[in-house]
Amino acid sequence: MEAAAKERELSGDKAQRIVDAMRDSVASRGAAGSTFEHVAGEAGVSRGLLHYYFGTKERLLVEVVRRDAEIRVTRLDERLANAETVDDVLDVLVASLMDMIENEPVFFLLIYELFSAGRRNPDIRRELAQLFERTRSHVADVLRGKESEGVLSLRF
């Protein structure tokens, strides 16, 4: 699955419209009801283009979560850049979590759907594990950077 995605460039307007349409479809129909036909219609592209870019619905779901995670990590980086105290760092982390809970419930739905699909599909399970590992590693690097700035002291 990962190799197929690397072979095709997933940037550009059409790919972004497809990802956005899948995200919206899952929010309104759930993953099971989000067919390539629905998503293609909402994105204004052919079903064949979805197959070309993503191959499977599960791969498209992984891409939706990956892009959502990238956006969240970028926002977190921007907010943490100005943190000058431990309290600032904690405030940013808590505010980011609360914002996600209050304003982005679809993200949790997507994660749940992928966890469920990952129980049956080892490719999805592997992709999701890699996504979480990259995100955790990035946040750990940011926190180590704050430690080197003298903003906080990490115990572990």
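Residues numbered from 1 in each chain as written. Predicted model: local features only at pLDDT ≥ 70, side-chain atom pairs only at ≥ 80, totals over all residues. Heavy atoms only, no water.

### Observations regarding the overall build of the chain
Point 1. Within the chain, the regular secondary structure consists of eight helices and zero strands.
Point 2. Counting helices and strands in the order they occur from the N terminus, the chain gives α-α-α-α-α-α-α-α.
Point 3. Each of the three principal axes of the chain carries a C-alpha extent, and together these read 50 × 30 × 30 Å.
Point 4. Across the 156 residues in the chain, those meeting the buried criterion constitute 37%. (Helix = DSSP H or I, 4+ residues; strand = E, 2+ residues; numbered from the N terminus. Buried < 20%, exposed > 50% of the residue type's maximum accessible area, 1.4 Å probe, protein only.)

### Quick word on the packing of helix H3 (residues 36–43) against helix H4 (residues 47–54)
Point 1. The geometry of H3 relative to H4 is characterised by a closest axis approach of 8 Å and an angle of 105° between their N-to-C directions. Put simply, H3 runs roughly perpendicular to H4. Where H3 approaches H4, its residues Phe-36, Glu-37, Val-39 and Ala-40 are matched on the opposing element by Arg-47, Leu-50 and His-51. (Axes fitted to C-alpha atoms, helices over the stretch in contact; angles between N-to-C directions. Parallel < 35°, antiparallel > 145°, perpendicular 65-115°, else oblique. Contact = heavy atoms within 4.5 Å.)

### Brief notes about the pattern of salt bridges
Point 1. In this structure the tally under the stated criterion is 15 salt bridges.
Point 2. The partner of Asp-68 in a salt bridge is Arg-23, and the shortest N-O contact between them spans 2.7 Å. Linking Asp-68 in helix H5 (residues 57–81) with Arg-23 in helix H2 (residues 13–33), this pair joins segments that are 45 residues apart in sequence. For the pair Asp-68 and Arg-23, a shared accessibility class is recorded, and that class is buried.
Point 3. Counted as one network, the salt bridges with shared partners bring together Arg-59, Glu-63, Arg-66, Arg-67, Glu-70 and Glu-127. (Salt bridge = Lys/Arg side-chain N within 4 Å of Asp/Glu carboxyl O.)

### Thoughts on the nonpolar core
Point 1. Within the largest apolar cluster, 32 residues are counted, with the highest numbers of intra-cluster contacts made by Ile-18, Leu-50 and Leu-60.
Point 2. Looking at this core, the elements that each hand over two or more residues are H2, H3, H4, H5, helix H7 (105–120) and helix H8 (122–148).
Point 3. Ignoring sequence-local partners within four residues, the contact set of Ile-18 consists of Val-39, Ala-43, Val-45, Leu-49, Leu-50, Tyr-53, Phe-54 and Leu-60.
Point 4. Counting residues in hydrophobic clusters, the runner-up holds eight residues, among them Leu-80, Ala-83, Val-92 and Leu-152. (Core = buried A, V, L, I, M, F, W, Y, C linked by side-chain atoms within 4.5 Å.)

### Looking at the packing of H5 against H8
Point 1. Interaxial distance between H5 and H8 falls to 10 Å at its minimum, and their mutual angle equals 5°. Between H5 and H8, the crossing angle belongs to the class labelled roughly parallel. Residues Glu-58, Arg-59, Val-62, Val-65, Arg-66, Ala-69, Val-73, Leu-76, Asp-77, Leu-80 and Ala-81 of H5 pack against Ile-124, Glu-127, Leu-131, Arg-134, Thr-135, His-138, Val-139, Val-142 and Lys-146 of H8.

### Description of the side chain of Glu-113
Point 1. By secondary structure assignment, the location of Glu-113 is in helix H7.
Point 2. One buried charged residue, Glu-113, remains without a salt bridge, the closest side chain of opposite sign being Arg-120 at 6.8 Å.
Point 3. Sequence-distant contacts of Glu-113, defined by excluding residues within four places in its chain, comprise Gly-30 and Ala-31. (Lys, Arg positive; Asp, Glu negative; His and termini not counted.)

### Observations regarding the confidence of the model for the chain
Point 1. Per-chain confidence: the chain averages 87 in pLDDT, with 93% of residues scoring 70 or above.
Point 2. The least confident element of the chain is helix H1 (residues 2–7), whose mean pLDDT is 44; the most confident is H3, at 95.
Point 3. When the criterion is pLDDT under 50, residues 1–7 qualifies, and its contacts beyond four places in sequence or with other chains add up to nine contacts. (pLDDT = per-residue confidence, 0-100.)

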